Amino acid sequence: MQREIQDLRNKLDEIDGNIVDALAARQQVITTIGQAKLTAEGGLRDLTREQELLARLVARAKDADVDPHLVTRLFREILDHSVRRQQQNLVDRDNPDRTAADVLVVGYQGTDGANSHLVAQKHFGPRGVEVEYRGYDSFEEMLQAVHDGGCNYAMLPIENTTAGSINESYDLLARMNLVLVGEDIWKIEHCLLAIEDVPLSHIRRVYSHPQALAQCSEFLRRLKDTHVESFTDTAMAARKIRDEQDLSQAAIANAEAARIYGLHVVKQGIANQKENFTRFVVVAREPVTVDERIPCKTSVILATKHEEGALLRCLNTLADHHLNLTKLESRPRPNNPWEYLFYIDFEGNLASQQVQTGLRELTANTSYLKVLGSYPARTTRENRPAEPKPAGASRPKVPAEPKAASAPTASVMQQLEKKPYKLVSRAGRMKDTLIQVGNVTIGGAEPVVIAGPCSVESRDQIFACARVVKENGGHLLRGGCFKPRTSPYSFQGMGYEGLDILEEAGRTFGLPIVTEVMHPSDVQPVARQADILQIGARNMQNFSLLKELGKVDRPILFKRGMMADIDEWLGAAEYILAAGNQQVILCERGIRTFETATRNTLDLSAVPVCRERTHLPIIVDPSHACGTYRWIPQMAAGSLAVGAHGIMVETHPDPATAKSDGPQALTFEMFEKLMAQIHAMHAAQVSK
Ligand code: PEP
Ligand code: MN
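The sections below set out a description of the structure shown in this document.

Cut-offs applied
Residues numbered from 1 in each chain as written. Chains lettered and ligands numbered in written order. Predicted model: local features only at pLDDT ≥ 70, side-chain atom pairs only at ≥ 80, totals over all residues. Heavy atoms only, no water. Helix = DSSP H or I, 4+ residues; strand = E, 2+ residues; numbered from the N terminus. Buried < 20%, exposed > 50% of the residue type's maximum accessible area, 1.4 Å probe, protein only. Contact = heavy atoms within 4.5 Å. Areas by Shrake-Rupley, 256 points an atom, 1.4 Å probe, with all protein chains shown as cover. Lys, Arg positive; Asp, Glu negative; His and termini not counted. Charge placed at Lys NZ, Arg CZ, Asp CG, Glu CD. Phe/Tyr/Trp six-rings, centres within 6.5 Å; stacked < 30°, edge-to-face > 60°. Pairing = 2+ DSSP bridges. Right-handed = clockwise from strand over helix to strand, strands pointing away. Donors = N, O, S within 2.8 Å, 3.2 Å for Na, K, Ca; no water.

1. A look at the overall build of the protein
So, point 1. Along the protein, the regular secondary structure elements total 22 helices and 25 strands.
So, point 2. Seen through its C-alpha atoms, the protein measures out along the principal axes to roughly 110 × 60 × 50 Å.
So, point 3. Relative to its full complement of 688 residues, the protein shows a buried share of 52%.
So, point 4. Residue pairs at least 24 apart in sequence account for 74% of intrachain contacts in the protein once pairs closer than 6 positions are excluded.
So, point 5. Counting every atom, the protein has about 31700 Å² of accessible surface; 53% of that belongs to carbon and sulfur.
So, point 6. Taken together, the 79 basic and 86 acidic charged side chains of the protein have centroids lying 3 Å from each other.

2. Some points on the packing of aromatic side chains
So, point 1. For the structure on display, the rule yields 6 aromatic pairs.
So, point 2. Aromatic pair Tyr170 and Tyr343: ring centres 4.6 Å apart, planes at 70 degrees, arrangement edge-to-face. Separated by 173 residues along the polypeptide, Tyr170 in helix α6 (residues 167–175) and Tyr343 in strand β14 (residues 340–347) bring together distant segments of the chain.
So, point 3. Judged by relative accessible area, Tyr170 falls into the buried class, the value being 4%.

3. Overview of the pairing of strand β23 (residues 584–588)
So, point 1. In terms of burial, β23 is largely enclosed, as 5 of its 5 residues are buried.
So, point 2. With burial as the criterion, each face of β23 is covered, one bearing Val584, Leu586 and Glu588 and the other bearing Ile585 and Cys587.
So, point 3. As paired elements, β23 and strand β24 (residues 618–620) share 3 bridges and run parallel to each other. Residue pairing across strands places Cys587 opposite Ile619, the latter belonging to β24.
So, point 4. Crossover handedness for the path β23 to helix α19 (residues 606–613) to β24: right-handed.

4. Focus: the coordination of the manganese ion (ligand 2)
So, point 1. Surrounding the manganese ion (ligand 2) are the protein donor atoms Cys454 (SG), His624 (NE2), Glu650 (OE) and Asp661 (OD), at 2.1 to 2.4 Å.
So, point 2. Counting the intervening residues between successive donors of the manganese ion (ligand 2) yields the motif C-x169-H-x25-E-x10-D. Taken as a pair, Cys454 in the loop between β18 (448–452) and α14 (459–471) and Asp661 in the loop between β25 (646–650) and α22 (668–687) lie far apart in primary sequence, 207 residues in all. Here Cys454 and Asp661 have matching classes, each one buried.

5. Observations regarding the pairing of β14
So, point 1. Where burial is concerned, most of β14 is hidden: 6 out of the 8 residues are buried.
So, point 2. Here strand β12 (residues 296–304) pairs with β14 via 6 bridges, running antiparallel. In the sheet register, Thr298 faces β14, and the bridge partner there is Phe346.
So, point 3. Inspection of the sheet shows strand β13 (residues 325–332) paired to β14 by 7 bridges, in the antiparallel sense.

Dropping the structure here:
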């Protein structure tokens, strides 16, 4: 008897070996077909052929007395794997530099056997390259590792069909400069695990990840006298149960964790909803370009403009371009109470004209738009790659120009542009852009006054300035912390120490703060503290800096370079808008001419020119133009008379001892007079 069984087992081993060999042979053919498809026209996937194949196999299974469901399930899995592999070939071809690494490092949150680990294996398995999976304690640490290059990819859970969106993931994606290059879906099968097959009534403590506990809340409520405790992840909870060998303890984790940690599955399927899926996104540092034959999703984060119906207009824009929305989520907008960031996923590929035009139009209704990337979609419930659109559904015709381009002045406007600045130009957006900072609106009828010292020098100095600015009706407090000085021996600013006290002064007096940033690596940290980031004249064409500014959700006060013509200035502003940030305030501050009586020549004609050419607000800084306090009142009045949306001036408690730009600083008394003059001008304007 024993012998007979042994013989049969040997036979089974041989059959199983043959199955693997057959799969390997299949894979070879798939790879060859995949190579041919790289250059061939037409779709990657032939759904009709797949259906026919399955039908044939099912018929054959029936003839051979094999369960047709088993055959269907197995072959769906095999076909899915093949499609993924071929898609990956295309992605690798289009992104050669990302295939260079010998070993891919993929991060996940948790320990061996966590759902994140399993889905990472599923996602990266078909790549056919060596992958090292690395567990991290938190999402933040994991994403930081991707950012710093310690990890090529991270598998980040973003939503669950029972528990909903994972807020922390969304907030991290908004905050960190990372992109999405993939997604996957994992069926979560929660089980109760213990060291032995104990009765449920013996269990006194259950450990698991808070998400898992939430998803099994109904089952847990039915367990009497049981204490429920959160744990860093499901697999870690399983490990604890193994380590502590306590019969009264159990963990909620998947069956794979039971296998890894040698535990018993006391009860299966304990989630509130049987169909319980988590969607993960694959996070990377650089985006991928994806062949248009692969069905894709694109993810963006946006803040709408402060206008009625702005969100609706954004959604309509997507609909107009037939970009099907698959997810819309809102989260509080950092630093802007009662405002929201919207996270939108839609079907479409950034490589297509349709999506590019759609996004360009979308920017017109947003103040901030961050494109997280396009990636192959894996969205059906059965967790297959999304199916291609049926043949009849060809791409809709996209109008060649954005809608507003047909307005009468648009073509004239475009002819004036030496190099086109599509987003900055009024040709694309007729309406003035209003920029909201706290309670202050920049770009509207009321002129805005930004005032404060050239440099933050001390707590007393900046507090004194803040008080005077506030008491006289100024709107924003300025103060340089990183100073662009002509000489390296001059005062270079107080850096972050200065920013701390500027922030404190602003908060104390209810004034939003403006400060200059000079280095790309300072953009993100300064944006966390300052309400507006200033770009100085000397950095107007620092393109790496401009691209970085496009990624933050903060308005930019964008000074004109002293040697720049208006086209160059607007072209440079386009960099910021093109990178996502639509909140740019232009600032004319004087240009270099042959005239030396003033520090620079204030080009007041730039104001009406810019108001004609662009929808962006423009303010004037007479201080840096004049170089002396003496002509500031006249030039400020002139600025407002020609249509500036506001002014920025320097003021100091004791100009004679100022560490920078003392000669042009207004005393507090002069500032008070200037404010009275501005108020009178505005009142006269309104009463007209
Ligand atoms: C400033 O505002 O202090 C400053 C340095 O200005 P600009 O870049 O216009 O010289
Ligand atoms: Mn200055």
